[in-house]
Amino acid sequence: MSNPTRVLVLNSGSSSVKYQLLDMRDGARLAVGLVERIGEETSRLVHTPLTGGGAERRERTAPIADHEAALKAVAEELSADGLGLDSPELAAIGHRVVHGGLKFSAPTVITDEVLAEIERLIPVAPLHNPANVTGIRTARALRPDLPQVAVFDTAFHTTMPEHAARYAIDVETADAHRIRRYGFHGTSHAYVSRRVAGLLGKDPAEVNVIVLHLGNGASASAVRGGRCVDTSMGLTPLEGLVMGTRSGDIDPAVVFHLKRVGGMSTDEIDVLLNKKSGLVGLCGDNDMREIRRRIDEGDERARLAFDIYIHRLKKYIGAYYAVLGRVDAVAFTAGVGENAAPVREAAVAGLEELGLAVDAGLNAARSGEPRLISPEYARVAVAVVPTDEELEIARQTYSLVTSPAH
Ligand SMILES: Nc1ncnc2c1ncn2[C@@H]1O[C@H](COP(=O)(O)OP(=O)(O)O)[C@@H](O)[C@H]1O
Ligand SMILES: CC(=O)OP(=O)(O)O
Ligand SMILES: [Mg+2]
């Protein structure tokens, strides 16, 4: 039999699992899917096989209690299309792992030791690493013989210089607890910054890009010649931009104040800042579509939430402009960045002196392809680049397991 060429990618989030099965000979997708609202009554699995003509999208709506059950349901759906985890054509499973700490700066074949380290990092990625660990354990139980690879969100950011990665706190304390800026969404920042260079017809080594990854979690990065030099998320994915449910930047003294004066426990404050803040804390909704709908109806709270979101975004564009000195492109990606034209328009508004502008017609157009939305005359290109973390994870996974050293 010829060598197996398929890779299954699992992107396990706090309450969801996104997955794709790809054939690495040409990067073709054989199946894609999503399990959302895991642990709730309203769980939903949407599976789309892409092999053969006329294959239909299937949906399950029975409650799915946890990530283990979610993965088993995914395995069943794949089996129903003859694409099950038992397939001899499967070469590896690639897992998105959010926090890799100091140990991991490249894709890594998962051993018991690697898994133990990912577990050890749970306190610094409490919404993400537990789901990643369950995903890995369940996949290993289903196919113990198959190589499983971890692709870390933090890896791309390990090139940050010390002056960007270190917080200005006591050095001994910081080192003792490995406190520093790690940064996340790195697979997306790497992929998008490379695609932007392609869009400009240039080598990634020649271009400086500000990447704005705006999903439910959101982060900005400054990329100089293909290497990350700064990013907005920190020790954990809580710092930086305003997100769906996370506060992003706040004065750290807010935490002491809530403890001492507000009588809240550390865990309560953690939940407040990670799950009840950001857009949802400001206006009750974390979906940008719903927020825009409310704004159109004249809702003041939704308007203010939007304005706070944009103000923070603009501050990071300015900061990273200064960090890079010369900017060739600003790229918007992920759910909000790819789809919300009003966010892109507002984030760039008033930055003409920096060479930034958006063409209203180009901005309003829709496409699944990377594209420019700045007018011809603008000095800095503004781009919309659909991210593809799954393809990037599959490539890195396949390349590792087929490398001669493996
Ligand atoms: N058509 C759209 N218009 C505006 N915002 C959108 C649209 N589609 C998705 N979004 C936003 O994208 C978010 C999800 O982004 P995504 O990158 O999938 O996040 P995550 O990977 O963190 O789950 C949604 O919460 C919503 O705010
Ligand atoms: C790291 C992170 O915030 O990831 P996500 O956007 O998937 O929540
Ligand atoms: Mg995401």
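Residues numbered from 1 in each chain as written. Chains lettered and ligands numbered in written order. Predicted model: local features only at pLDDT ≥ 70, side-chain atom pairs only at ≥ 80, totals over all residues. Heavy atoms only, no water.

Per an unreviewed UniProt entry, the protein is named Acetate kinase, and its organism is Streptomyces lavendofoliae. Recorded in UniProt for the protein, the comment headed Catalytic activity (unreviewed entry) runs: "acetate + ATP = acetyl phosphate + ADP". Per UniProt, the protein has the following entry under Function (unreviewed entry): "Catalyzes the formation of acetyl phosphate from acetate and ATP. Can also catalyze the reverse reaction." (UniProt positions renumbered as here; feature names shortened; annotations may be inferred.)

To continue, consider the layout of surface pockets. Considered as a void within the structure, the second largest pocket measures approximately 840 Å³ in volume. Surrounding the second largest pocket, 25 residues form its lining, Leu235, Thr236, Leu238, Val255 and Leu273 being those nearest its centre. Elements supplying a minimum of two residues to the lining of the second largest pocket: helix H7 (253–260) and helix H8 (266–275). Among the elements that take part in the lining of the second largest pocket, H8 stands out by supplying five residues, more than any other. Grouping the amino acids of the lining of the second largest pocket by side-chain chemistry returns 15 nonpolar, six polar and four charged. Among the domains, domain 1 (6–152) and domain 2 (202–389) are the pair contributing at least three residues each to the lining of the second largest pocket. (1 Å grid on protein atoms, 1.4 Å probe; cavity = no way out; pocket = protein on both sides within 12 Å on 5 of 7 lines; lining within 4 Å. Points joined across faces, edges and corners; volume = space filled by probe spheres on them. Helix = DSSP H or I, 4+ residues; strand = E, 2+ residues; numbered from the N terminus. Nonpolar A, V, L, I, M, F, W, Y, C, P; charged D, E, K, R; others polar. Domains from an automatic or database assignment.)

Counting residues in each nonpolar core, the largest one holds 45 residues, and the members touching the most others are Ile210, Leu212, Leu214, Met288, Tyr309, Val343 and Leu356. Of all the secondary structure elements, the ones that give two or more residues to this core are strand E9 (208–214), strand E10 (218–224), helix H9 (278–283), helix H10 (288–296), helix H11 (300–324), strand E12 (329–333), helix H13 (341–348) and strand E14 (381–384). Ranked by the residues each element gives to this core, the list is headed by H11, at eleven residues. In contact with Leu214, not counting residues within four places along its chain, are Leu241, Tyr309, Leu313, Phe332, Thr333, Ala334, Gly335, Val336, Gly337 and Val343. Counting 23 residues, the second-largest nonpolar core is a separate cluster that includes Leu8, Leu45, Leu71 and Ala75. (Core = buried A, V, L, I, M, F, W, Y, C linked by side-chain atoms within 4.5 Å. Buried < 20%, exposed > 50% of the residue type's maximum accessible area, 1.4 Å probe, protein only. Contact = heavy atoms within 4.5 Å.)

Here we take up the site of ligand 1. Near ligand 1 lie 13 residues; those nearest to it are Lys18, Asn216, Met288, Arg289 and Gly335. At 2.9 Å from an oxygen atom of ligand 1 is found a main-chain nitrogen or oxygen belonging to Gly335. Contact between ligand 1 and Asn339: a nitrogen atom at 3.5 Å from a side-chain N or O atom of the residue. When ligand 1 is considered free in solution it has 580 Å² of accessible area, and contact with the protein chains removes 72% of it. (Near = heavy atom within 4 Å. Polar contact = N/O pair within 3.5 Å; in protein donor to acceptor, adjacent residues only side chain to side chain. Areas by Shrake-Rupley, 256 points an atom, 1.4 Å probe, with all protein chains shown as cover.)

Below, the discussion takes up the sheet that holds strand E4 (residues 44–49). Through backbone hydrogen bonds, the strands of a sheet pair up, either in parallel or in antiparallel fashion. Reading across from one edge, E5-E4-E3-E2-E1-E6-E8-E7 is the order of the eight strands in this open sheet, with mixed pairing throughout. In this open sheet, the two edge strands, each paired with only one partner strand, are strand E5 (58–60) and strand E7 (108–109). In this structure, strand E2 (residues 17–23) lies alongside strand E3 (residues 28–36), joined through seven bridges in antiparallel fashion. Opposite Leu22, over in E3, you have Arg29 as the bridge partner. (Pairing = 2+ DSSP bridges.)

A separate point is empty space enclosed by the protein. Where empty space is left becomes clear once a probe the size of a water molecule has been rolled over the atoms. Evaluation of the coordinates by the stated rule reveals one cavity of 30 Å³ or more. Roughly 40 Å³ of internal volume is contained in the largest cavity. Leu8, Leu10, Leu71, Val74, Ala75, Leu78, Leu85, Ala139 and Leu142 are the residues that line the largest cavity. Among the secondary structure elements, those contributing two or more residues to the lining of the largest cavity are strand E1 (6–12), helix H1 (67–80) and helix H3 (129–142). The element contributing the most residues to the lining of the largest cavity is H1, with four residues. In terms of residue class, the lining of the largest cavity is made up of nine nonpolar, no polar and no charged.

So, about the site of ligand 2. In the vicinity of ligand 2, the contacting residues are Arg96, Val98, His128, Asp153, Phe184, His185, Gly217, Met233, Pro237 and Arg246. Between ligand 2 and His128, the relevant distance is 2.7 Å, taken from an oxygen atom to a side-chain nitrogen or oxygen of the residue. Burial of ligand 2 by the protein amounts to 84% of the accessible area it has alone, namely 260 Å². Here the residues of the shell around ligand 2 are counted per class, giving four nonpolar, three polar and three charged. Two domains each provide a minimum of three residues to the shell around ligand 2, namely domain 1 (6–152) and domain 2 (202–389).

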